[in-house]
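Tertiary structure, described
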Amino acid sequence: MTTARTCRRTATWAALTLVAPAVVGLPGCSPADQRPTLTGPTTAGHAPPARIAPPVTRDGPCPYLSRDFAMQTVGQHLTRSTVTTTRPYPGCTLYRPDDGKAIDIQVTVLATPVQAQQQAVTMFGGAANPVTGVGDRGTVAIVPDGAKLAASKGRTLILVWINQQSSLQARDIATAVVARIR
């Protein structure tokens, strides 16, 4: 006697091997037992999960702001910038002449606008202050090594770090980034 579990496993295997029409009428199985499911043991022959290429960082201009704008905003001379290949938006970092980081920008897309807003508001904890006029919602926190700002625009979460303890400068950089996000 065939059990419902065996019938579903057989139906699933048949569906996964592209012989779904053969599923109908499996002997000893009721029609309800023949519905394919994607739960259960994995079988040999399935393709491995697709591999995502690791991010690559190279010298190049920041896609969100010019080096001149960044230098005027933070009041420091910047000699180079790098771009990190993250999708759908790259990240970028701008450096001082001594090769120390002056500005770091990361952009991430979350599943929903609500998730992006929640991350922007809670990321830096209770010590963060709200930021208005930058995307949908945001917060800024002064930290020992500078200032961090998180803002959302739709499903997108924008993170900015600058090496100075100035929320105004972090806000100006974040505003420039948000303007470039579709």
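The shown structure was predicted, so the numbers you read here are calculated from the model rather than taken from an experiment.

Each helix and strand in the protein chain was counted, giving 5 helices and 8 strands. Along the protein chain, from the amino end to the carboxyl end, the secondary structure elements read α-α-β-α-β-β-β-α-β-β-β-β-α. Of all 182 residues assigned to the protein chain, the portion counted as buried reaches 38%. Contacts spanning at least 24 positions in sequence make up 46% of the contacts within the protein chain whose residues lie at least 6 apart. Carbon and sulfur atoms make up 57% of the accessible area of the protein chain, which amounts to about 11,000 Å² in all.

Let's shift gears to the pairing of strand S4 (residues 101-109). One ladder, built from 4 bridges, connects strand S3 (residues 91-95) with S4; its direction is antiparallel. The partner of threonine 93 across the bridge, within S4, is aspartate 104. Between the end of S3 and the start of S4, which pair antiparallel, lie 5 residues, with aspartate 99 showing a positive phi angle near 70°. Looking at chain direction, S4 and strand S8 (residues 156-162) are connected through 7 bridges and run antiparallel. When the bridges of S8 are listed, isoleucine 105 appears paired with valine 160.

Covalent bonding between the sulfur atoms of two cysteines is what defines a disulfide. Taken as a whole and judged by the stated rule, the model has 1 disulfide. Between cysteine 62 and cysteine 92 runs a disulfide, and the two sulfur atoms are separated by 2.1 Å. Of this pair, cysteine 62 sits in the loop between strand S1 (57-59) and helix H3 (67-74) while cysteine 92 sits in strand S3, and the two are 30 residues apart along the sequence. Residue classification places cysteine 92 among the buried positions, given a relative accessible area of 1%.

So, on to the pairing of strand S2 (residues 80-84). In regular strands, side chains alternate between the two faces of the sheet. For S2, the buried fraction is high: 4 of the 5 residues fall into the buried class. Pairing of S1 with S2, which is carried by 3 bridges, proceeds in the antiparallel orientation. Note on S2: the bridge partner recorded for aspartate 59 is threonine 82. Of the strand pairs in this sheet, S2 and S3 are connected by 5 bridges, and their pairing is antiparallel.

Turning next to the side chain of serine 152. Tracing the backbone shows serine 152 in strand S7 (residues 146-153). Note on serine 152: relative accessible area 0%, which makes it buried. Look past the residues within four positions of serine 152 in its chain and what remains in contact with it is Ala116, Gln117, Ala120, Val134, Gly135, Asp136, Arg137 and Ile158.

So, about unusual backbone geometry. Here the bond from arginine 87 into proline 88 is cis, since omega is 0°, no more than 30 degrees from zero. Residue placement: proline 88 occurs in the loop between S2 and S3. You will see that aspartate 99, though not glycine, has its phi angle at about 70°, which is positive. Inspection of the secondary structure puts aspartate 99 in the loop between S3 and S4.

With that out of the way, let us pick up the packing of aromatic side chains. A complete count under the given rule lists 0 aromatic pairs for this structure. Across from the ring centre of tyrosine 95, 4.2 Å away, lies the NZ or CZ of arginine 80, which sits over that ring.

To continue, consider the sheet that holds S3. If you walk across this open sheet you meet the 8 strands as S1-S2-S3-S4-S8-S7-S6-S5, and the pairing is antiparallel. Of all the strands in the sheet, just S1 and strand S5 (129-130) have a single pairing partner and so form its edges.

Attention shifts here to the nonpolar core. If you look at the biggest cluster of nonpolar residues, it comprises 30 residues, and the most contacted ones within it are Tyr64, Leu65, Ile103 and Ile105. Elements with a minimum of two residues in this core: H3, S3, S4, S7, S8 and helix H5 (167-180). Take this core: its biggest share by element is 6 residues, from H5. Not counting the four nearest positions on each side in its chain, isoleucine 103 is found in contact with Ala70, Val74, Leu78, Cys92, Thr93, Leu94, Trp161, Ile162 and Ile173. Core analysis: the second largest hydrophobic core is formed by 6 residues, Ala116, Ala120, Ala150 and Leu157 among them.

So, how was this worked out
- Residues numbered from 1 in each chain as written.
- Predicted model: local features only at pLDDT ≥ 70, side-chain atom pairs only at ≥ 80, totals over all residues.
- Heavy atoms only, no water.
- Helix = DSSP H or I, 4+ residues; strand = E, 2+ residues; numbered from the N terminus.
- Buried < 20%, exposed > 50% of the residue type's maximum accessible area, 1.4 Å probe, protein only.
- Contact = heavy atoms within 4.5 Å.
- Areas by Shrake-Rupley, 256 points an atom, 1.4 Å probe, with all protein chains shown as cover.
- Pairing = 2+ DSSP bridges.
- Disulfide = S-S within 2.5 Å.
- Phe/Tyr/Trp six-rings, centres within 6.5 Å; stacked < 30°, edge-to-face > 60°.
- Lys NZ or Arg CZ within 6 Å of the ring centre and 35° of its normal.
- Core = buried A, V, L, I, M, F, W, Y, C linked by side-chain atoms within 4.5 Å.

Spatial relationships are all this shows, so hold off on functional conclusions.
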